[in-house]
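Coordinate analysis (summary)
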Amino acid sequence: MNTDQFIDPLNRSRFPVDPWALRETAYDGADLGTTESLFAVGNGYLGMRGNPEEGREASVHGTFVNGFHETWAIRHAEEAFGFARTGQTIVNVPDAKVMKLYVDDEPLLLATADLEQYERTLSFTEGVLRRDIVWRTPAGKRVRITSKRMVSFTQRHLAIMSIELTMLDGDAPIVVSSQILNRQDGRDEYHVPAHAMGAKFDPRKAAVFEGRVLEPQLDWYSDRRMILGFRCVNSQMTLAVGADHSIETQNAYEELNSSDLDFAKKVYRIHAVQGQSITIHKVAAYHTSRGVPVRELVDRVRRTLDRVRDHGIDTYENEQREWLADFWAASDVEVDADPAIQQAIRWNIYQLAQASARADQLGVAAKGVTGSGYEGHYFWDTEVYVMPFLTYTAPSMARNLLRFRWNMLPAARERARELSQRGALFPWRTINGEEASAYYAAGTAQYHINADVAYALVRYGMVTDDEAFVRREGIDILVETARMFADLGFWRNNGNREFHIHGVTGPDEYTTVVNNNLFTNVMARFNLRHASRQVRALQGEDPTAYARMVERVGLEVHEVDEWAAAAEGMTIPYDEALGIHPQDDHFLDRELWDLASTPPENKPLLLHYHPLVIYRRQVLKQADVVLALFLQGDHFTKEQKRANFEYYDPITTGDSTLSAVVQSVIAAEVGYHDMALRYFLHGLFVDLADLHGNTSDGVHVASAGGVWSALVFGFAGMRDYDGALSFDPRLPAQWPRMRFVLTVRGSRLEVTLQQRAIEFVSTGEVEVTVRGTPHRVLPGVPRSVELQDQGERIAGVIGSEPLIGGRRQDGTLMTASVPEAPAEIDDGATPYG
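Conventions we followed
Residues numbered from 1 in each chain as written. Predicted model: local features only at pLDDT ≥ 70, side-chain atom pairs only at ≥ 80, totals over all residues. Heavy atoms only, no water. Salt bridge = Lys/Arg side-chain N within 4 Å of Asp/Glu carboxyl O. Helix = DSSP H or I, 4+ residues; strand = E, 2+ residues; numbered from the N terminus. Buried < 20%, exposed > 50% of the residue type's maximum accessible area, 1.4 Å probe, protein only. Pairing = 2+ DSSP bridges. Contact = heavy atoms within 4.5 Å. Expected span 1.5 Å × (residues − 1). Phe/Tyr/Trp six-rings, centres within 6.5 Å; stacked < 30°, edge-to-face > 60°. Lys NZ or Arg CZ within 6 Å of the ring centre and 35° of its normal. Arc of directions from axis to C-beta. Axes fitted to C-alpha atoms, helices over the stretch in contact; angles between N-to-C directions. Parallel < 35°, antiparallel > 145°, perpendicular 65-115°, else oblique. Left-handed = near helix turned anticlockwise from the far one by under 90°. Nonpolar A, V, L, I, M, F, W, Y, C, P; charged D, E, K, R; others polar. Core = buried A, V, L, I, M, F, W, Y, C linked by side-chain atoms within 4.5 Å.

Attention now moves to the pattern of salt bridges. Counted under the stated rule, the structure contains 68 salt bridges. Of the charged contacts in the structure, one is a salt bridge between D476 and R552, with a shortest N-O distance of 2.8 Å. With D476 in helix α9 (residues 467–488) and R552 in helix α11 (residues 543–553), this pair connects stretches of sequence that are 76 residues apart. Classification of D476 as buried rests on a relative accessible area of 4%.

Here it is, written out as structure tokens:
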């Protein structure tokens, strides 16, 4: 993207700019999967893809409940001890969105309908998806159809839908068939194979189940209500879903009801008179469990639906608006830039709300609840990319995510034992706490997950002062993760006594099972250091809590000293000849991959080259060392950061959506302002412009979190090392102003950044540092600090060529080339990971 003059990647005749909504003004079936994700509604527990109400053509008709999954036996071509045994895949739960429409017995099919008007809007302030169309039927009659869909942020289990119909020309018989449909086990008659998830090999997509998933347990209906109950065949998880209906119209109508094991429906037959409107309300409730009997879940469904019946739909729509008003007051980021940028920023932030608001001690999946990409698994992405946003804007949501990890400790301890380690080892990808990565080299070997969880916990404690949680539950996480790293590593005396960690994989999945991965080591050092500090502080300040913790985890006194020593002796690879930190001990021994000469059709690399081909080269899927420079930046000099960034940027493919936002942060810090903005814009439009070609699988939630980080940590230059809040701004030259809000130790801190000043307004006393100078912000008293500039500005961008000809420490020259890609072969192989 040209950052001197922003080039909007969206077709604005179809998606007009709106600062508080995503709008679509023309239907297009060519990108069904993408728009289904972009217009999804969810609350972190329940998610509904942006499928049409009438249940017709779709890429994937999807409704997902966070954590509701089926298990299956992982079949390894060659077994080995400790390999992941049980796969976990999120289930497409019964679809309550469906409200099929017939006028004069003709079905509404968007793909072929004569539409005089079409508009679809996802409102960021109301939390409602609306669609308004005028359809000219085959008989030449015109009918206006307005629909609404809302998943409640305040009522975790609740979705509210409605459809309003008005005949504009003439009278007609109208039929609305409102349904709950088990699509997971039934063939979807309106499925579009060309847009199907899984239609082409891609390890990022979900696996396809071989047998029945949802076992019917109950079906029931009355004049107003219908309920279905299911149990997963293998995981034994249970689910109940129900829906209430009501109709408002002066037209004559009749009602029909029916249900069977996989299907329930309420049919309205209406004699529609021109000009007389018809409004049908549908209220749905979903309840799930790891094993509560279906009949109990049915009772919960009834109670949820009864409350809406008693209080009225308006009550919950008003609650939704109020919740979002509070959310935006704490979370909004305003920029004086192209309005399209502002809209995209808010869309990304809104996705974070939809992914985490009511996760309520569940994790945040890589795709939230917008799709089944990555099989609905939770990764380390949550702690590094999503948690910073939540910690600084919605601490209660951040606390819930940390409790999710705490609840996972027993399984993590068992996993550590399986891998012959002490302490606990959190899984790289999971839903139920067990490791689900069948490809251990790029999965299980990512031991840095332990340090990522500890990092998120420590940062949360420093930002919120929630000592009660850290000392009662968080301390167990710190102890068990530090214990694992102390056991995993070993001491070697090479002149200096050094602590090494071998046989691990860092965030970069194109380089696996290495010794002394820099990111892993610096994050493990953080984990070990803060575990020892927290334990000692607890011992001195709260002996009772300390004694309870010692009893819970079996802590021995000498362990704490070992952690501190290991942190101080941690090996941090550094190459004097090149002046950079190698990604691992042998990274620089490999030859370089010439990305600049790699044909575009051979990207992303993971879809066109065998892993071994990739592993033999210096080439990165995503920022690895550069991510360490961001998270542990106080341990690197400015010169080291710039040298590392300049070395690694040309060999970073960006094949992962986790990369651009981190590259943006460090590019801004070291002075590459144009690159910082370019990478930010890439991350900003990853989903909105489908830049990675897989938005159809669901929204990239971690990238959305990274957008917030790029704004606050990148352009505002905020850092919070050891709880000290500092700013060294890097506002893009094209932006006159940026404003955002932070929640720091219970105080609301408003930050307004301009080219020549940064201003703070707080509800409580807050200490900040601006470029080395401390400032005290008093409650209600604006504090403005002048800025001479926005930091060093290095003209242009880093060249796309890697450091060909650079000499290693042994004197050998580096060379670069592009491996030959084989002809594409569709062998039907099961995707790894």
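What follows concerns the sheet that holds strand β12 (residues 172–181). The strand order β7-β6-β12-β17-β16 describes an open sheet built from five strands, whose pairing is antiparallel. The outermost strands of the open sheet, each flanked by one partner alone, are β7 (106–107) and β16 (252–260). Of the strand pairs in this sheet, β12 and strand β17 (residues 263–272) are connected by ten bridges, and their pairing is antiparallel. What sits directly across from A172, in β17, is A272.

Moving on, we come to the environment of T481. Take T481: it is sitting in helix α9. For T481 and R269, which are 212 residues apart along the polypeptide, the C-alpha to C-alpha distance reads 61 Å. Excluding anything up to four places from it in sequence, T481 contacts A424, F426, N450, A454 and N527.

The terminal C-alpha atoms of helix α16 (residues 659–670) lie 17 Å apart, and with twelve residues this matches the ideal 16 Å at 1.5 Å per residue to within 8%. Burial runs high along α16: twelve of the twelve residues are buried. Looking at the buried side of α16, the elements it contacts are α5 (381–393), α14 (625–631), α15 (638–648), α17 (673–684), α18 (701–715) and β24 (718–719). At the C-terminal side of α16, G671 shows a positive phi close to 115°.

Okay, the sheet that holds strand β30 (residues 773–777) next. Across the sheet, four strands lie side by side as β24-β25-β29-β30; this open sheet has mixed pairing. What marks the edges here is a single partner per strand, and that holds for β24 and β30. Direction of pairing for strand β29 (residues 766–770) relative to β30: antiparallel, over a ladder of five bridges. Residue pairing for β30: V766 is matched across the bridge by V777.

Let's shift gears to the packing of aromatic side chains. One pass over the full model with this rule turns up 31 aromatic pairs. Arranged with centres 6.2 Å apart and planes meeting at 85°, the rings of F153 and Y350 form a pair that is edge-to-face. Note that F153 is positioned in the loop between β10 (142–151) and β11 (158–167) and Y350 in helix α4 (residues 339–356), a separation of 197 residues in sequence. Grouping residues by exposure puts F153 and Y350 together as buried. Site record: aromatic cluster; members linked through ring pairs are W20, F124, F153, W323, F327, W328, Y350, F389, Y392, F630, W708 and F713. Between the NZ or CZ atom of R120 and the centre of the ring of F39, over which it lies, the distance is 4.2 Å. Directly above the aromatic system of Y679 lies the positively charged group of R678, at a separation of 4.7 Å from the ring centroid.

Next up on the list: the pairing of strand β18 (residues 278–289). Extensive coverage of β18 is indicated by the burial of twelve of its twelve residues. Relative to β18, β11 runs antiparallel, the two sharing eight bridges. Pairing of I163 across the sheet is with I280, part of β18. Where strand β15 (residues 238–249) meets β18, twelve bridges bridge the pair, whose relative direction is antiparallel. Across the sheet, the residue bridging to L239 is T288, located in β18.

Here we take up helix α3 (residues 313–331). Given a rise of 1.5 Å per residue, 19 residues ought to cover 27 Å, and the 27 Å separating the end C-alpha atoms of α3 matches this to within 8%. Of the residues making up α3, those classed as buried are I313, Y316, E317, Q320, W323, L324, F327, W328, A330 and S331. All buried residues of α3 lie within an arc of 160° about the axis, which places them on one face of the element. With respect to the buried face of α3, the exposed residues turned more than 90 degrees away are D314, E322 and D326.

Between two packed helices, both the angle of their axes relative to each other and the distance between the axes serve to describe the pair. Contact geometry of α3 with α4 gives a least axis separation of 12 Å together with a crossing angle of 120°. Between α3 and α4, the angle is such that the two are oblique. α3 and α4 meet at a crossing whose hand is right-handed. Residue-level inspection shows W323, L324, F327, W328 and S331 of α3 in contact with α4, the latter providing R346, I349, Y350 and A353. Its residues assigned to classes, the contact of α3 with α4 comprises seven nonpolar, one polar and one charged.

Another aspect to go through is the nonpolar core. Counting 201 residues, the largest nonpolar core has F680, M738 and L742 as the members making the most contacts within it. Excluding its chain neighbours within four sequence positions, the residues that come into contact with F680 are I341, I345, S664, V707, A710, L711, F715 and W735. The next biggest cluster of nonpolar side chains, apart from the first, holds 23 residues, and it includes L101, W135, I174 and I278.

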